Amino acid sequence: MCRFRVSIMTEFTGGDVYQAEFDPKAFLEYFKFGDTWRDDFLIFILKQYCKTFTSGVVKGDTLIDIGSGPNIHQLLSACESFKEIIASDYTYRNHQELEKWLKNEPGAFDWTPVVEYVCELEGNREKVAEKEAKLRKTIKRVLKCDVHQSNPMEPIVLPPADCLISSLCLEAACKDLNTYRNALKNINSLLKPGGHLVLSGDLGCSFFMVGPKRFSCLVLGEEFLREVLSDTGFIIQEFEVLCRGDDIIDDSSDFSGMYFILARKEEAI
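Residues numbered from 1 in each chain as written. Predicted model: local features only at pLDDT ≥ 70, side-chain atom pairs only at ≥ 80, totals over all residues. Heavy atoms only, no water.

A. Here's a closer look at the nonpolar core. Ranked by internal contacts, the top residues of the largest apolar core, which has 50 residues, are Phe-53, Leu-63, Trp-111 and Leu-135. When residues in this core are grouped by element, the largest group, 7 residues, is from helix H3 (residues 38–53). Those residues in contact with Phe-53 that lie beyond four places of it in its chain are Val-58, Leu-63, Ser-77, Ala-78, Ser-81, Phe-82, Cys-163, Ile-165 and Val-198. Ile-86, Ala-161, Phe-224 and Ile-261 belong to the second largest nonpolar core, which has 34 residues in total. (Core = buried A, V, L, I, M, F, W, Y, C linked by side-chain atoms within 4.5 Å. Buried < 20%, exposed > 50% of the residue type's maximum accessible area, 1.4 Å probe, protein only. Helix = DSSP H or I, 4+ residues; strand = E, 2+ residues; numbered from the N terminus. Contact = heavy atoms within 4.5 Å.)

Here it is as structure tokens:
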């Protein structure tokens, strides 16, 4: 059990604030390998993704990424197991940043160190260019997503997917636990019965900094996550946690640890 930290309450930052003030380039600084304590958490999540998507169990035709942000790290292993990936996010600036990488445009974020690490995990250390090309080919669409809508992809209606993946999204988008419950139900509607949910994020986090801007985060604990997933019709297959050490001093976020969950949606009766 990770020890929660006490911090000053942060006013809820809703969708309008994200649309106006979320800076994707500043956020991407969190994903630079640089021998800092943050590397441990990035390595933790990349290892979990690799294990999940190379297992041969989590696979299919379509994977939907809920709240991709400007990121691709969460999809590097997944692209080997699905024919089509649909990325999504609420803010248009995240769409633009992601499209910049997909089109290999000048000024796109350099994911090379992360891609190299994933290739090494998968036993293909020399195949960085092939991995990037495979992911660019597999991501077919980047859509607007709002987890507070009963159909988060409104007005587009998608066929139910074989897998949903979401990282650091719902806790940032939801102001309270009840809203989180509803958002989870909403994204669940996009998943086939028997399909998989790959969910990850921060435990005990009330805020995070993106450049100079402070964004709110819903404080989540392991007990609530287990309960809400079960109530929403998921069977948890894996629940991994990496706690933040007490010796880590950093004012960019007050999170106490990171979680990774693999769950399966119950079959329709």
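B. Expanded view of the packing of helix H8 (residues 177–188) against helix H9 (residues 222–231). Packing of H8 against H9 leaves a shortest axis separation of 10 Å and a crossing angle of 40 degrees. Between H8 and H9, the angle falls in the class oblique. Two packed elements cross with a definite hand, and for H8 against H9 that hand is right-handed. Here Leu-177, Tyr-180, Arg-181 and Leu-184 of H8 come into contact with H9, specifically with Phe-224, Leu-225, Glu-227, Val-228, Leu-229 and Asp-231. Across the contact of H8 with H9, the residue classes break down as 7 nonpolar, no polar and 3 charged. (Axes fitted to C-alpha atoms, helices over the stretch in contact; angles between N-to-C directions. Parallel < 35°, antiparallel > 145°, perpendicular 65-115°, else oblique. Left-handed = near helix turned anticlockwise from the far one by under 90°. Nonpolar A, V, L, I, M, F, W, Y, C, P; charged D, E, K, R; others polar.)

C. Region of interest: the side chain of Glu-97. Positionally, Glu-97 belongs in helix H4 (residues 92–102). For Glu-97, a relative accessible area of 7% corresponds to the buried category. Side-chain polar atoms of Glu-97 contact the side chain of Lys-25, separated by 3.4 Å. Ignoring any residue separated from it by four or fewer positions in sequence, one finds Glu-97 in contact with Pro-24, Lys-25, Leu-28, Pro-70, Gly-107, Ala-108 and Phe-109. (Polar contact = N/O pair within 3.5 Å; in protein donor to acceptor, adjacent residues only side chain to side chain.)

D. Looking closely at H4. Along H4, the residues that are buried comprise Asn-94, His-95, Glu-97, Leu-98, Lys-100, Trp-101 and Leu-102. On the buried face of H4, the contacting elements are helix H2 (24–27), strand E2 (82–89), helix H6 (128–138) and strand E3 (139–144). Asn-104 occupies a position one or two residues after H4 and carries a positive phi of about 55 degrees.

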